[in-house]
Amino acid sequence: MRNFSHKLKLSSALLKRLQHRVTAGNLNSPRCFTTTEGHRPTIVHKRSLDILHDPWFNKGTAFSMTERDRLDLRGLLPPNVMSSKQQIERFMVDLKRLEVNARDGPSDPNALAKWRILNRLHDRNETMYYKVLIDNIEEYAPIVYTPTVGLVCQNYSGLFRRPRGMYFSAEDRGEMMSMVYNWPSEQVDMIVVTDGSRILGLGDQGVQGIGIAIGKLDLYVAAAGINPQRVLPVMIDVGTNNEKLLADPLYLGLQQHRLEGDEYISVIDEFMEAVFTRWPHVIVQFEDFQSKWAFKLLQRYRNTYRMFNDDVQGTAGVAIAGLLGAVRAQGRPMIDFPKMKIVVAGAGSAGIGVLNAARKTMARMLGNTEIAFESARSQFWVVDANGLITEARENIDLEARPFARKVNEADRQGLKEGASLVDVVRKVKPDVLLGLSAVGGLFSKEVLEALKESTSTRPAIFPMSNPTTNAECTPEEAFSIVGENIIFASGSPFKNVDLGNGHVGHCNQGNNMYLFPGIGLGTLLAGARIISDGMLQAAAECLAAYMTEEEVLNGIIYPPISRIRDITKEVAAAVIKEAIEEDLAEGYRDIDSRELCRLNQEEINTFVENNMWSPEYPTLIYKND
């Protein structure tokens, strides 16, 4: 610590000498000059992100609100102005944390350290960063996104160094239309926005949820080839109900409880109007909004703006692809999907999203919406924190109501309102046990033992909750208790299980990154007016059909992450084709809708591939204004 203090003193002395040389006019720098010695202002010839990305002048969160307005920084930093003392305290807390050589990752003891190293590379050289990420996507996707991103969000106030993305807060009401022009890019193709209210399975993380938007856009660049200069992570800070954060003096967000009702809606409305006014063709992906707002905002905007909610629609699509894969793995055609008995643990935005998507998939297969509705009602058994959901439940959530079991149906199975998960599994004997509860370990030994009585020759177990600590069970538990012949898929990555005798239990990861990059890229290249249910269904069906028969029969229902660019290209092409068939495509850049409609499948694939950005250094030419 003595050496560290000594270096600080030397740095301070060096800084004073440099400041003197500046004030005396001896430092030949084109960037600034100071009029006289002392505390006179420093004149800078840059504003906005140029200031924040310049280590000479960046103050980070210490910029006052006056400076933020004067330098076009409003919205580019978290809203809480920190003193230099607080900044140093944050740094020292993080430094001490690093000194404690403890496990800091859910499955990788060095996960957070790897994230820091990658983040520093991102700060100084984006092209190299994305090249490293693409070339090592299987290793680093779990670092830049789930599961490590959950840990990053929990520690974001301590990890914050340089800003990335924009922050729109409740304090910015009435200012967002002008704030959006503080972002320097003339064109933005993709925005991922969160309000931090339900980050993965970690709950309310407030402003720290920006980490989830940053991680998602890293995957958009790596998997879909969206130009990194045309992506924008956004945090909408309307406060937090996390009392720990509210009591933390080093928390970077608004230290007030969350807005509710019309006040909340007005903030989101103003944000949407602002970004679509500046960038009319942008796509906005909503991420990790709590359930009560996720559905409401999706229905509010989806027919007006190019937007979708990945937790509701992306998770549903990946789950549907997995369910269709499970049908194939049982040696049955995908058209048999409406016959499967499925127990769903969790009735939040993800769980209900899967149920709605399943109903729509059944409708496409059966060709009759009414039959599909009844089939979904009869094939799905939904269990939440209060047990089995039936029509006898009081104050049933409106989104869950269509999937509540009729009382007489439950009675025939020997089940009552609120029946436990283990009782439901024991009585229903499902083909699939699907977990979207965010409750780690929910699939207990008793639940898995009950699943052994399934009528399926090859039951499927899908603990889909993130991060790893929230997975409903581990693959070791599933294979050892239920048997070697199961189909296993999780939301977070797990290693395959050695079953002995040369047999392997395949641990499929039902990761949203199989779909959302292709949905976004396909929507962008089609120039689709909206993102329709048909486009989302086409994406899921494309993913389900991607695996070969041999792979599926071996229990592999999702492809390896190493093939993500190829998967994304296929999904994007399927989305474009569906957009054309639904007459939603308006074209992209030099290709108008008429030319797009004339492309065959091979030409669509080539069109997608040719419009995917790759990390190559461009030739640079300097021109002095």
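Everything quoted here is computed from the prediction, not taken from an experiment. (Residues numbered from 1 in each chain as written. Predicted model: local features only at pLDDT ≥ 70, side-chain atom pairs only at ≥ 80, totals over all residues. Heavy atoms only, no water.)

Novice: I'd love a proper account of the layout of surface pockets, names of residues and values included.
Specialist: Size it by volume and the second largest pocket reaches roughly 830 Å³. Lining the second largest pocket are 36 residues, with Pro142, Pro493, Phe494, Lys495 and Gln509 positioned closest to its centre. Elements represented by at least two residues in the lining of the second largest pocket include exactly α5 (111–124), α7 (137–144), α21 (475–482) and β16 (507–509). For the lining of the second largest pocket, the leading source of residues is α7, giving five residues. (1 Å grid on protein atoms, 1.4 Å probe; cavity = no way out; pocket = protein on both sides within 12 Å on 5 of 7 lines; lining within 4 Å. Points joined across faces, edges and corners; volume = space filled by probe spheres on them. Helix = DSSP H or I, 4+ residues; strand = E, 2+ residues; numbered from the N terminus.)

Novice: So what's going on with the nonpolar core? Residues and values would help.
Specialist: Core analysis: the largest hydrophobic core is formed by 177 residues, its most contacted members being Ile191, Phe271, Met272, Val284, Phe286, Phe337 and Phe462. Discounting residues that sit within four places of it in the chain, Phe337 has contacts with Ile320, Leu323, Leu324, Val327, Ile342, Ala358, Thr361, Met362 and Met365. Ranked by size, the runner-up nonpolar core spans 30 residues in total, among them Val343, Val422, Val447 and Ile461. (Core = buried A, V, L, I, M, F, W, Y, C linked by side-chain atoms within 4.5 Å. Buried < 20%, exposed > 50% of the residue type's maximum accessible area, 1.4 Å probe, protein only. Contact = heavy atoms within 4.5 Å.)

Novice: Residue-level account of the packing of helix α14 (residues 291–301) against helix α16 (residues 349–366), with values.
Specialist: Following both chains from N to C, one finds α14 and α16 inclined at 40°, their axes separated by 9 Å at the closest point. With respect to α16, the axis of α14 lies oblique. Along the contact surface, α14 presents Ser291, Ala294 and Phe295, while α16 presents Ser349, Ile352, Gly353 and Asn356. Residues of the contact of α14 with α16, tallied by class, amount to three nonpolar, four polar and no charged. (Axes fitted to C-alpha atoms, helices over the stretch in contact; angles between N-to-C directions. Parallel < 35°, antiparallel > 145°, perpendicular 65-115°, else oblique. Nonpolar A, V, L, I, M, F, W, Y, C, P; charged D, E, K, R; others polar.)

Novice: Outline the packing of aromatic side chains, supporting the account with residue identities and numerical values.
Specialist: What the rule picks out here adds up to twelve aromatic pairs. Ring plane angle 65° and centroid distance 5.1 Å describe the contact between Tyr220 and Phe516, whose orientation is recorded as edge-to-face. Separated by 296 residues along the polypeptide, Tyr220 in helix α11 (residues 210–224) and Phe516 in helix α22 (residues 516–526) bring together distant segments of the chain. Here the two residues Tyr220 and Phe516 agree in accessibility, since each one is buried. (Phe/Tyr/Trp six-rings, centres within 6.5 Å; stacked < 30°, edge-to-face > 60°.)

Novice: Can you lay out the environment of Arg594 for me, pointing to particular residues and giving the numbers?
Specialist: Mapped onto the fold, Arg594 is located in helix α26 (residues 593–597). Owing to a relative accessible area of 60%, Arg594 belongs among the exposed residues under this scheme. Residues Arg594 and Ile580, 14 residues apart in the sequence, show an inter-C-alpha distance of 9.6 Å.

Novice: Describe the packing of α5 against α7, naming the residues involved and giving the relevant values.
Specialist: Here α5 crosses α7 at 95°, and the two axes come no closer than 9 Å. Taken together, the axes of α5 and α7 lie roughly perpendicular to each other. Between α5, through Ala111, Lys114, Trp115 and Leu118, and α7, the contact on the second element is made entirely by Glu139, Tyr140, Ile143 and Val144. Across the contact of α5 with α7, the residue classes break down as six nonpolar, no polar and two charged.

Novice: Could you give an account of the sheet that holds strand β5 (residues 231–237), naming the residues involved and the relevant values?
Specialist: Taken together, the five strands give an open sheet; going across it, the order is β3-β5-β4-β6-β7, and neighbouring strands pair in parallel fashion. Of all strands in the sheet, those with a lone pairing partner are β3 (166–169) and β7 (307–309), marking the two edges. Strand-to-strand twist in this sheet, taken as the mean axis angle between neighbours without regard to direction, amounts to 20°. In terms of strand pairing, strand β6 (residues 283–286) meets β7 through three bridges, oriented parallel. Across the sheet, the residue bridging to Gln285 is Phe308, located in β7. Sheet strands in contact with α14 are β6 and β7, and its direction is about 160° off that of β7. In this fold α22 packs onto β4 (190–194), β6 and β7, with an angle of close to 155° to the strand it touches most, β6. (Pairing = 2+ DSSP bridges.)

Novice: Report on the confidence of the model for the chain, specifying residues and quantitative values.
Specialist: The predicted model of the chain averages 87 in pLDDT, with 88% of residues at 70 or higher. This stretch, residues 1–38, has a pLDDT under 50; its non-local contacts, to residues over four places away or in other chains, come to 28 contacts. Scored below 50 in pLDDT, residues 101–106 shows 13 contacts in the model against residues more than four places distant or in partner chains. (pLDDT = per-residue confidence, 0-100.)

Novice: Residue-level account of the pattern of salt bridges, with values.
Specialist: For the structure on display, the rule yields 34 salt bridges. As a salt-bridge pair, Arg426 and Asp423 come within 3.2 Å of each other at their nearest N and O atoms. Residue Arg426 and its partner Asp423 are both found in helix α19 (residues 421–428); the two are separated by three residues, about one turn of the helix. Here Arg426 falls in the partly exposed class, since its relative accessible area comes to 34%. Across the pair Lys452 and Glu449 runs a salt bridge whose closest N-O atoms are separated by 3.7 Å. For Lys452, a relative accessible area of 47% translates into the label partly exposed. Three or more residues are tied together by salt bridges with common partners; here these are Asp69, Arg74 and Asp172. (Salt bridge = Lys/Arg side-chain N within 4 Å of Asp/Glu carboxyl O.)

Novice: Could you give an account of the pairing of β5, with specific residues and numbers?
Specialist: Within a regular strand, the side chains alternate between the two sheet faces. The element β5 is extensively covered by neighbouring structure, given that seven of its seven residues are classed as buried. Burial of the side chains of β5 extends over both faces: Val231, Pro233, Met235 and Asp237 are buried on one face and Leu232, Val234 and Ile236 on the other. Note that β3 and β5 share four bridges and pair parallel. Opposite Phe168, over in β5, you have Ile236 as the bridge partner. With five bridges connecting them, β4 and β5 associate as parallel partners. In the strand pairing of β5, Met190 is matched with Val231. Chirality of the crossover, the property in question, places the unit of β4, α11 and β5 among those that are right-handed. (Right-handed = clockwise from strand over helix to strand, strands pointing away.)

Novice: Residues and numbers for the pairing of β4, please.
Specialist: Within β4, five of the five residues are buried, leaving the element largely enclosed by the surrounding structure. Covered by surrounding structure in β4 are Met190, Val192 and Thr194 together with Ile191 and Val193, the residues of both alternating faces. The sheet contact formed by β4 and β6 spans four bridges and is parallel. Residue pairing in the sheet places Val193 in a bridge with Phe286 of β6.

Novice: Before we move on, can you summarise the sheet that holds strand β9 (residues 380–384) with the specific residues and values?
Specialist: Ordered by their spatial adjacency, seven strands build an open sheet running β10-β9-β8-β11-β12-β13-β16, and the pairing between neighbours is mixed. Only two strands of the sheet have a single neighbouring strand rather than two, namely β10 (387–388) and β16. Across the sheet, helix α15 (residues 310–329) is in contact with β8 (342–345), β11 (432–435), β12 (460–463) and β13 (487–490); its angle to β12 comes to roughly 160°. Along the sheet, α16 makes contact with β8, β9 and β11, crossing β9 at roughly 175°.

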